[in-house]
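The primary structure of each chain is shown beneath.
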Amino acid sequence: MTIQEMIAKMNPQMLSQGLAKISSGLSPEQLKQAEAAIKAMSNDPNGALKDLNTNQLQAELQNNPALIKQLSQNPELLTKLQSIIKGK
């Protein structure tokens, strides 16, 4: 099972909890890279995410299960986040 398949089967609460666990284990540089990737690939037509700092972005993702689900279905973003987490 790929990460994309796992994420597709998760409910929004599980995705939110996973995001919190992952972000707590990232270095500050990795967190900035992940933040930039999420903002760039969020399909955010209003640009509302681009002005959020790291804590605000994390809160927005935790409170917006539809956004998490949308992001989890973006294979390019998932690949980018995997490479950031692996430290590549």
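Before going into details, it helps to say that this report is about the structure given with it. Quick caveat, the model's predicted, so the values are computed rather than measured.

## Concerning the pattern of salt bridges
Side chains that differ in sign of charge can pair as their charged atoms come close. Applying the stated criterion to the full structure yields one salt bridge. Residue Lys39 pairs with Glu35 through a salt bridge whose shortest N-O separation is 2.9 Å. Linking Lys39 with Glu35, this pair stays in helix α3 (residues 28–40), spanning four residues, or about one helical turn.

## Side note on the nonpolar core
Counting 14 residues, the largest nonpolar core has Ile38, Leu61, Leu71, Leu77 and Leu81 as the members making the most contacts within it. Of all the elements in the fold, those that place two or more residues in this core are α3, α4 (54–63), α5 (65–72) and α6 (75–85).

Rules behind the numbers
- All residue numbers here refer to positions counted from 1 along the written sequence of the relevant chain.
- Where local features are concerned, this predicted model is filtered to residues with pLDDT of at least 70; where side-chain atom pairs are given and counted, the filter is 80 or more; whole-chain, interface and lining totals use all residues.
- Excluding hydrogens and water, the side-chain figures rest on all heavy atoms present in the structure.
- Here a salt bridge means any side-chain nitrogen of Lys or Arg lying within 4 Å of a carboxyl oxygen belonging to Asp or Glu.
- Going along the chain from the N terminus, every DSSP run of H or I of four or more residues is numbered as a helix, and every run of E of two or more is numbered as a strand.
- Joining through side-chain atoms within 4.5 Å is the link that ties buried Ala, Val, Leu, Ile, Met, Phe, Trp, Tyr and Cys residues into a set, and such a set is a nonpolar core.
- Only protein chains enter the accessibility calculation, which uses a 1.4 Å probe; a residue is then buried when its area is under 20% of its type maximum, exposed when over 50%, and partly exposed in between.

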